[in-house]
Amino acid sequence: MVQRVAVVGAGSSGLACIKICVDEGLEPVCFESSDDIGGLWKFKESPEPERSSIYRSLVVNTSKEMMCFSDFPMPADYPNYMHNSLLLQYFRLYADHFDLLRYIHFQTTVRSVAQRPDFSLSGQWDIVTINGDGEEERHVFDAVLVCSGHYTHPALPLSDFPGYETFSGRCFHSCEYKDADACRGKRVVVVGIGNSGGDIAVEISRSAEMTFLSTRQGAWVMGRMATNGLPMDMTAITRFNNILIRLLPNTLVNWAVERALNPKCDHKLYGLKPRHRLLDKKPLINDDLPSRILQGALVMKPNLKGFKDSGVEFEDGTVEENIDAVVFCTGYNGNFPFLPPALSEGPHKELTLYKTLFPPCLSQPTLAVMGLFQTKGPIMPIVEMQARWAVKVFAGLSRLPCKEKMLEVIESERKRNMKSYNCPRKAALQVDFIPYLDFMAEQVGVRPNFLRLLLRDPVLWVRVFFGPCTPYQYRLSGPGQWAGARQAILTQWERVVQPFRTRVVPEPESKPSVLFSPWLLTFGAAVTIAALLSKNEIFPVLQGAAQILEGARFF
């Protein structure tokens, strides 16, 4: 019987896993290599080997209501898109509220996780750790939740670009970037147009003499704001929209959304237009990139081809001279060196995971890897649901398919995603936000019952079906039900509005407007009816209407 669970890492995923283990009556023991919680979201002045790293100005690109934990809304006065320091503060509030710190062993690094000799019967694991004093310790656990993340081993493809050995400028990965101070007055190339690449290019362009953003394929650019300045993800990620996207032809949906984006920024004109359609890949979330291009501070360039002494050459044959630095925003390799090599069954020795969570090769499903996926939506609610499902599997309350079936599902999903992602490794990581959440919620027993909800609580049903798919929906019923879930859903837009209430806006005095006066409405109706009855009598009708308006001046 599973009782003691090792949690590797105390970032956002690790905190959620600790809390869920406690909820299920298990004994979590968390090992964190640093001296604090937060993981990726703990800003450090200098990058540290094999640890996640963020830049000083980083602001989240998912809104607070969409990305919070399902039973712990963010404070109402938090901005909808917050600075990384505020998100770290939220994690501290979460850890304090649920008393999670007492389960964490700080400055303790996991060196190895290995199956015990009797694993086929017990499902247990031998774990070796190194504490802050360099002392090695050995532990036995019934199950393992890996929450160390996959942003710890940067991918720096310098060898792909000839001439880098003699390049006089500096080449470095985005994990080393902290701010633009070192780029002031310089000529900088940023390679890669993911969210980090877009953010860093924009920030550098405010200080550098000139900034070039090199992209292989381009990107569809979306801002954080939707209509009326509301959070984009709250208006876009709804169950109603999800059904529409699945029912309507992709060509039609792509055409409609791309047509909506281009009036704000003509992607072809700005050199941003990608080869793929919008639904095929994740869009770039950036509010400022088009304006920096418009101002000439940032120049779009094709893929980097190579280096030439002090310059760089692009695939279209153009050369930019006197380049001082090249920042590679080229992602990370998802390595987990402490895990058994047998779990890395992929063609490139990557982890093979059923539903991006469970290794199918294990005879006992007592290990899960959290957060190893990519999606068009917030990460934290999915990881929290992964943890809820994993713990149910550990306890035998949810059953996984046989190994052959799991491998079949993995291959099927990989092939489907290969239509959009040519790289098999990237294709294996893609999940659809709402369908993936709903699948796991079904396994846990917490997926909302929409028919029952419609009959019993139609007001809530409207909010759940047509409103944003916020995490609270998965706390309305079933195991782990939270009594505050309904109220959290009904008041979510109030928390969106709260941070804007910093100034009393004067309301104009209401005066009768001639535009909406009864006489003008009568005039409009009279003209319309007259036009329909007799096209030949339009002018006499207009003359009569003019007399009516003249009389309206006295009212």
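Please read these numbers as outputs of a predicted model, since none were measured by experiment.

As for its position among the elements, I245 is in helix α7 (residues 239–247). Assessed through its relative accessible area of 35%, I245 is described here as partly exposed. For I245 and A16, which are 229 residues apart along the polypeptide, the C-alpha to C-alpha distance reads 31 Å. If near-sequence neighbours (up to four positions away) are discounted, I245 is found in contact with N250, V253 and L279.

Our next topic: the confidence of the model for the protein chain. For the protein chain, the average pLDDT comes to 91, and 91% of its residues sit at 70 or higher. Across residues 535–555, where pLDDT falls below 50, the model places 11 contacts with residues more than four positions away in sequence or in other chains.

On inspection of all chains with the given rule, the structure shows 24 aromatic pairs. Ring centres of F161 and F328 lie 5.8 Å apart, and the angle between their planes is 40 degrees; this geometry places the pair in the tilted category. Here F161, found in the loop between β7 (143–146) and β8 (170–173), pairs with F328, found in strand β17 (residues 325–328); they are 167 residues apart in sequence, far enough to count as distant. For the pair F161 and F328, one class covers both residues: buried. Here the aromatic rings of F465 and F466 are separated by 4.9 Å at their centres, their planes lie at 85 degrees, and the arrangement is edge-to-face. Since its relative accessible area comes to 16%, F465 is described here as buried.

A few words now on the layout of surface pockets. A water-sized probe, rolled over the atoms, reveals where empty space remains. Space inside the second largest pocket adds up to approximately 430 Å³. When contributions to the lining of the second largest pocket are tallied by element, the ones reaching two or more residues are α10 (380–394) and α11 (403–417). Of the residues that constitute the lining of the second largest pocket, the class distribution is 14 nonpolar, 6 polar and 3 charged.

Residue position: K301 is located in strand β13 (residues 298–301). Each C-alpha atom of the pair K301 and I200 lies 15 Å from the other, and the pair is 101 residues apart in sequence. K301 has contacts with F212, L213, S214, T215, F314, T318 and E320, leaving out every residue within four places of it along the chain. Among the polar contacts listed, one links the side chain of K301 to the side chain of T318, at a separation of 3.1 Å.

What follows concerns the state of the cysteines. A full pass over the atoms with the stated rule returns 0 disulfides. The thiol of C17 is unpaired, and the distance to the nearest cysteine sulfur, on C147, comes to 3.5 Å. The class of C17 is buried, set by a relative accessible area of 1%.

Put simply, helix α1 (residues 12–23) and α10 touch, their axes get as near as 9 Å, and they point 35 degrees apart. As α1 runs across α10, the sense of the crossing is right-handed. Counted together, S12, S13, A16, C17, I20 and C21 of α1 and M380, V383, E384, A387, R388 and V391 of α10 form the full contact between these two elements. Considering only residue class, the contact of α1 with α10 consists of 8 nonpolar, 2 polar and 2 charged.

About the cut-offs
- Residues numbered from 1 in each chain as written.
- Predicted model: local features only at pLDDT ≥ 70, side-chain atom pairs only at ≥ 80, totals over all residues.
- Heavy atoms only, no water.
- Helix = DSSP H or I, 4+ residues; strand = E, 2+ residues; numbered from the N terminus.
- Buried < 20%, exposed > 50% of the residue type's maximum accessible area, 1.4 Å probe, protein only.
- Contact = heavy atoms within 4.5 Å.
- pLDDT = per-residue confidence, 0-100.
- Phe/Tyr/Trp six-rings, centres within 6.5 Å; stacked < 30°, edge-to-face > 60°.
- 1 Å grid on protein atoms, 1.4 Å probe; cavity = no way out; pocket = protein on both sides within 12 Å on 5 of 7 lines; lining within 4 Å.
- Points joined across faces, edges and corners; volume = space filled by probe spheres on them.
- Nonpolar A, V, L, I, M, F, W, Y, C, P; charged D, E, K, R; others polar.
- Polar contact = N/O pair within 3.5 Å; in protein donor to acceptor, adjacent residues only side chain to side chain.
- Disulfide = S-S within 2.5 Å.
- Axes fitted to C-alpha atoms, helices over the stretch in contact; angles between N-to-C directions.
- Left-handed = near helix turned anticlockwise from the far one by under 90°.

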